[in-house]
Amino acid sequence: MSLPCGIRNYNYAQDMAIFRTKTHWGMLIVFLVLLFTVPPLTFNHLWLNTVNTIGITLIATLGLNILVGYCGQLSIGHAGFIAVGAYTSAILTNRFDMPFLVGLIAAGIVAGCVGIIFGLPSVRVKGFYLAITTIAAQFIIIWVINHWGLTGGFEGISVPYASIGGLVFDSDVKQFYLVMVIVLIAVFVAKNLMRTKVGRAFIAIRDNDLAAEVMGINVNYYKLLAFFIGCFFAGIAGALLAHTTYYLNAEQFSFTDSILYIGMIIIGGLGTTIGPMLGVTLVKIIQKVLLPIYMVPWLENSITSLPAGFATGLAPIVFGLIIVLFLILEPRGLAHRWNLFKAAYRLWPFSY
Amino acid sequence: MDQLLQYVITGLSVGMVYALIALGFVLIWKSSSVANLALGQIVLLSSWFTYSMLVQANLPPIVALPIVIIFALCLGWVIERFALRPLIAQPILSLIAVTLGIGYFIEGVITFIWPWSVDALPTLFPQEVVHIGPAVISQEYLWVIGICLAVFVLLTLFFRFHRMGVAMRATADDQMAVQACGIPVTRVFSMSWMLACVVAAIGGVLISSIGGITHGLVNTGLKAFSVVILGGLDSFVGALVAGPIIGLLETLGGGYLTPYMWGGVRDVIPFIIIIIVMVIKPFGLFGEKRIERI
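Conventions used here
Residues numbered from 1 in each chain as written. Chains lettered and ligands numbered in written order. Predicted model: local features only at pLDDT ≥ 70, side-chain atom pairs only at ≥ 80, totals over all residues. Helix = DSSP H or I, 4+ residues; strand = E, 2+ residues; numbered from the N terminus. Rg over C-alpha atoms; globule rule 2.2 N^0.38 Å. Buried ≥ 20, exposed ≤ 12 C-beta atoms within 10 Å, placed from the backbone. Contact = placed C-beta atoms within 7 Å. Expected span 1.5 Å × (residues − 1). Axes fitted to C-alpha atoms, helices over the stretch in contact; angles between N-to-C directions. Parallel < 35°, antiparallel > 145°, perpendicular 65-115°, else oblique. Left-handed = near helix turned anticlockwise from the far one by under 90°. Nonpolar A, V, L, I, M, F, W, Y, C, P; charged D, E, K, R; others polar. Domains from an automatic or database assignment. Pairing = 2+ DSSP bridges. Core = buried A, V, L, I, M, F, W, Y, C linked by C-beta atoms within 7 Å. pLDDT = per-residue confidence, 0-100.

Caption draft 1: Spatial organisation of the overall build of chain B. The secondary structure content of chain B amounts to 11 helices and 2 strands. From first element to last, N terminus to C terminus, chain B shows the α and β order α-α-α-α-β-β-α-α-α-α-α-α-α. Taking 2.2 N^0.38 as the reference for a compact globule, 294 residues should give roughly 19 Å; the C-alpha atoms of chain B span a radius of gyration of 19 Å, in line with that estimate. Here chain B, with 294 residues, has 49% of them falling under the buried criterion. Considering only intrachain contacts with a sequence separation of at least 6, the fraction spanning at least 24 residues in chain B is 75%.

This is how it looks when you write it as C-alpha cells:
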C-alpha cells in the first residue's frame, strides 16, 4: 500500500525517501508551481484571504499535531499559545520598532517557552489532567493579555505590515507569498522532524510512555521538547496572523478556537502530515466561504422565519457535528481516506 | 469583619454550586472514565432552558423546574446514547475530543435559539436580606447552600441504597466484574450521564438565579474542573470539600487581591489553582493515586 507498483528499493536512502519516483517529483513540482501561480493570479480577495488563513492555521495545526498527534500530549489551549506568539511579535514591532523577522523568530521562541512552562505538569500527569492544565493555560494567558499594559489590554494593539528589507507585505498577494514560503518550510520541518530520532522518541512516548522510558528515552525531556516545538509553530503562526490582520485583540484567540484546532487535526487525521493540511483546508473553507457566503444567504432565502442567532450559531453547530461524526465514523480522519484513495488509484484498474 | 463574613458566605454558596457541577463530572468519570468537558455548555443550556420555561412560556416555577429536570435527563441520555456509546473503549483523546465537539455543538444551539446572550432569571428565592452578626447577606445565598447540601444528601442516599446507585458504584470499581454479574453496564453509563446532567442543571439554575444567565456560565463549568482537580477526579467527598475551598479562595482572592493585582483576578484564580495543584499534588486531596503497570 505504501509503495507504488513495481518499485524496488536498493539502498537505505531510497527506502527512506519521501518522494520515491520521478512521477512523485513531477507531481510535487507541478503542485508547487500551481500553488505559487494560480491563487495569486486568479483568486479574488475573498478566496485569497481564505488561502492565507489556511496557510497560517496550517502552521499552528502542524505544531499541535506534533504535540497531540505524535507525542500524545493533549493540549486544548493552542489558541492561547498562538496569542502569545502574536502579541510577542506585535509588541516587538509596534512598541520597540524591531524588524519583522526578529519579531517572527522571537514569537516562536517566546511561545515555545510559555508552552514549556505550561507543559511542566506533563512530566507528572497525562491525558485528562493535561487537557485541563492547558485549558487553564489558555485562560491565564488571555487574562494576562487583557490586563497587561504592554499588550494594549482590551483595546487591542495595532500591528505594522510585515516587511523584510525594503519589501513591505501590504497586499493579499504579497502576504500570500510570505505565508506560503513559511508554510512550506514548516511542512518540510514537521515532516522531516518526525523521521529523526526526536520524532521516533515522540511516537514511542505516545504509544507507551513507560515502555519508552524503560527503553532509555528521556521522557521528560522529550515531552517538554514536544511542547516547545508545538508551541514554537503556534508562535510563528501567531506572528503571521498578527502581521496580516494589522490589529490584535484577545477576542481573536478564544477557547472555542482552541477546540476548533483540536477538531481540525482530528478531522484531518492525527499523527500524519497530510492530515492537518486536509483538515485545515476543509474547516477553513467551510468556515470562511461556504457558511457565510453560500449557506447562510441560501438558508435565509429558502426558510423565512429563522431565529436571529442563526448566522452566528450555524458555524459551531456544523463544526461540533463534524467533530463528533468524524470521531464516531472515521476516527483516523481524512488522511486515512486519502491513503485508501492512493492505494486504489495505484492499483487501478485492478481491485488488488 | 462584616465584609469578610459576606465574602465567606458568597464564597461558600458559589463553591457549593461548583461542587455540584463538579459532582456531575465525577459521576461520569467514575462510572465510565469519560472526561466530560462539555459541562459548562450543559450548565448554560439548562439555564437558558429554565429561562424559556419560566419567562418565555411563563410557567410557574413548580411546573417549570420539573420540566427542566426532565429536559436534563433527556439531554444526558441523548448525549450518552448517540455520541459516547459508539466510542466505548476508544483512546482517551477521542473521548475528550468528542465531549469538546458536543460542547461546541451545544454552544451553537444556544446562540441559535437565545442569541441575546445575557438575561436574568426571575427570582426563585425570597429577596429579604438576613442579618448574621454584623453582616447583611442576601437570603438567596443561604438557599443555594441549603439546596446544594440537600442534593448531596439525596445523591449519597441514592448511591447507598438504590439498586442503580449500587450498580454504579460497582461499575466504577470494576467494569468487567460488573458485566460478568449481569449488570447492564451501558444502562449504568446512560444513568450516570442523565444524573450528571441533572446535577449540572441544578447547579446552573442556582448560579444563574443569583448572577443571571451570561456566556460566562461556560467558564463556570470550566472552573468546576478546578474543584475536580483539587478534590481528586474520582472522589465525591473531594468535590464536596474542594468546592467550598475554591469558592472561598475565589471570592476572598477577588475581594482582597484586586487592589494589588490586575482586575478580573477573581476569574483566573481557579485556573491558577489548577496549575498549582497539577505541579504539587496531581491526584488531588482525595483522589486515588494510580500506579501504572506495564
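Caption draft 2: Examining the overall build of chain A more closely. Within chain A one finds 14 helices and 4 strands. Against the compact-globule benchmark of 20 Å for 352 residues, chain A has a radius of gyration of 21 Å, which places it among compact chains. A principal-axis box enclosing the C-alpha atoms of chain A has dimensions of 60 × 55 × 50 Å. Among the 352 residues that make up chain A, the fraction classed as buried is 44%.

Caption draft 3: Helix 6 (residues 128-147) of chain A, seen in detail. The terminal C-alpha atoms of helix 6 of chain A, which comprises 20 residues, lie 29 Å apart, in line with the 28 Å expected from a rise of 1.5 Å per residue. The buried fraction of helix 6 of chain A amounts to 15 of the 20 residues, a majority that puts the element mostly inside the structure.

Caption draft 4: View of the packing of helix 5 (residues 139-161) of chain B against helix 8 (residues 185-211) of chain B. All names here are of chain B. Put simply, helix 5 and helix 8 touch, their axes get as near as 10 Å, and they point 175 degrees apart. Classified by the interaxial angle, the pair formed by helix 5 and helix 8 is roughly antiparallel. Residues Glu140, Val144, Ile147 and Val151 of helix 5 form the contact with helix 8, whose participating residues are Val199, Ile202, Leu206, Ser209 and Ile210.

Caption draft 5: Summary view of the packing of helix 9 (residues 216-231) of chain B against helix 11 (residues 265-280) of chain B. All names here are of chain B. Interaxial distance between helix 9 and helix 11 falls to 9 Å at its minimum, and their mutual angle equals 30 degrees. Relative to helix 11, the element helix 9 lies roughly parallel. In this structure, the crossing between helix 9 and helix 11 has a hand that is left-handed. Within the contact between the two elements, helix 9 uses Asn219, Lys223, Phe225, Ser226, Ile229 and Leu230 and helix 11 uses Asp267, Pro270, Phe271, Ile273, Ile274 and Val277.

Caption draft 6: Spotlight on the interface of chain A and chain B. At the junction of the two partners, chain A supplies 43 residues and chain B supplies 40 residues. Breaking the side of chain A that touches chain B down by element, the ones donating at least two residues are helix 6, helix 9 (209-214), helix 11 (255-268) and helix 13 (310-329) of chain A. Ranked by the residues each element gives to the side of chain A that touches chain B, the list is headed by helix 13 of chain A, at 14 residues. Looking at the side of chain A that touches chain B residue by residue, the classes come out as 33 nonpolar, 9 polar and 1 charged.

Caption draft 7: Broad picture of helix 3 (residues 61-84) of chain B. If you check helix 3 of chain B, its first and last C-alpha atoms are 32 Å apart, about what 24 residues at 1.5 Å a residue would give, namely 34 Å. Three or more residues of helix 3 of chain B are buried, namely B:Ala64, B:Val68, B:Ala72, B:Leu75, B:Gly76, B:Ile79, B:Glu80, B:Ala83 and B:Leu84. Its buried side turned inward, helix 3 of chain B meets helix 13 of chain A together with helix 2 (39-56), helix 4 (92-113) and helix 8 of chain B.

Caption draft 8: Representation of the domain arrangement of chain A within the structure. All names here are of chain A. Segmenting chain A into domains produces domain 1 (57-179 + 196-253) and domain 2 (254-291 + 311-352). On a C-alpha basis, the centres of domain 1 and domain 2 stand 22 Å from each other. Facing 18 residues of domain 1, the contacting portion of domain 2 comprises 16 residues. Every element with two or more residues in the side of domain 1 that touches domain 2 is listed here: helix 3 (45-70) and helix 4 (78-95). If one sorts the elements of the side of domain 1 that touches domain 2 by residue count, helix 3 sits on top with 10 residues.

Caption draft 9: Fine view of the environment of B:Cys74. Counting through the fold element by element, B:Cys74 comes out in helix 3. Along the backbone, B:Cys74 and B:Met194 are 120 residues apart, and their C-alpha atoms lie at a distance of 7.0 Å.

Caption draft 10: Spotlight on the pairing of strand 2 (residues 135-138) of chain B. Residue and element names in this part refer to chain B. For strand 1 (residues 129-132) and strand 2, the ladder comprises 4 bridges, and the chain directions are antiparallel. Across the sheet, the residue bridging to His131 is Val136, located in strand 2. Connecting strand 1 to the next strand, strand 2, in antiparallel fashion are 2 residues, including Gly133 with a positive phi near 55 degrees.

Caption draft 11: Expanded view of the environment of A:Ala136. On the secondary structure map, A:Ala136 appears in helix 6. Take A:Ala136: there are 30 C-beta atoms within 10 Å of it, and that puts it in the buried class. With 46 residues separating them along the chain, A:Ala136 and A:Ile182 place their C-alpha atoms 30 Å apart. A:Ala136 has contacts with B:Phe271, B:Ile274 and B:Ile275, leaving out every residue within four places of it along the chain.

Caption draft 12: Layout of unusual backbone geometry. All names here are of chain A. Phi angles above zero are rare outside glycine, and Asp97 is one such case at about 55 degrees. Take Asp97: it is sitting in the loop between helix 4 and helix 5 (100-119). Look at Tyr246: it is not a glycine, yet its phi comes out positive at around 65 degrees. Within the secondary structure, Tyr246 sits in the loop between helix 10 (219-245) and strand 4 (247-248).

Caption draft 13: Region of interest: the nonpolar core. Judged by nonpolar contacts, the single largest core of 196 residues is most densely connected at A:Ile59, A:Ala83 and B:Ala22. With 17 residues, helix 8 of chain B is the largest single contributor of residues to this core. When residues of this core are sorted by domain, at least three fall in each of domain 1 (57-179 + 196-253) and domain 2 (254-291 + 311-352) of chain A. With residues up to four places along the chain from it excluded, the contact list for B:Ala22 reads B:Ala224, B:Val227, B:Val228, B:Gly231, B:Ala239 and B:Gly243.

Caption draft 14: Here's a closer look at the environment of A:Ala79. All names here are of chain A. Along the polypeptide, Ala79 turns up in helix 4. Look at Ala79 and you get buried, because 24 C-beta atoms sit within 10 Å. Each C-alpha atom, one on Ala79 and one on Val38, is 30 Å from the other, the two residues being 41 residues apart in sequence. Contact partners of Ala79, with chain neighbours within four places excluded, come to Gln138, Phe253, Ser254, Asp257, Ser258 and Tyr261.

Caption draft 15: View of the confidence of the model for chain A. When pLDDT is averaged across chain A, the result is 87; 97% of the residues are at 70 or more. Least confident of the elements in chain A is helix 1 (residues 12-16) of chain A, whose mean pLDDT is 81; most confident is helix 10 of chain A, at 93.

Caption draft 16: Summary view of the confidence of the model for chain B. Residue and element names in this part refer to chain B. Averaged over chain B, the pLDDT score is 85; the fraction of residues at 70 or greater is 98%. At the low end of the mean pLDDT range in chain B sits strand 2, at 76; at the high end sits helix 3, at 91. For this predicted complex, the interface confidence score (ipTM) comes to 0.88, while the overall pTM stands at 0.90.

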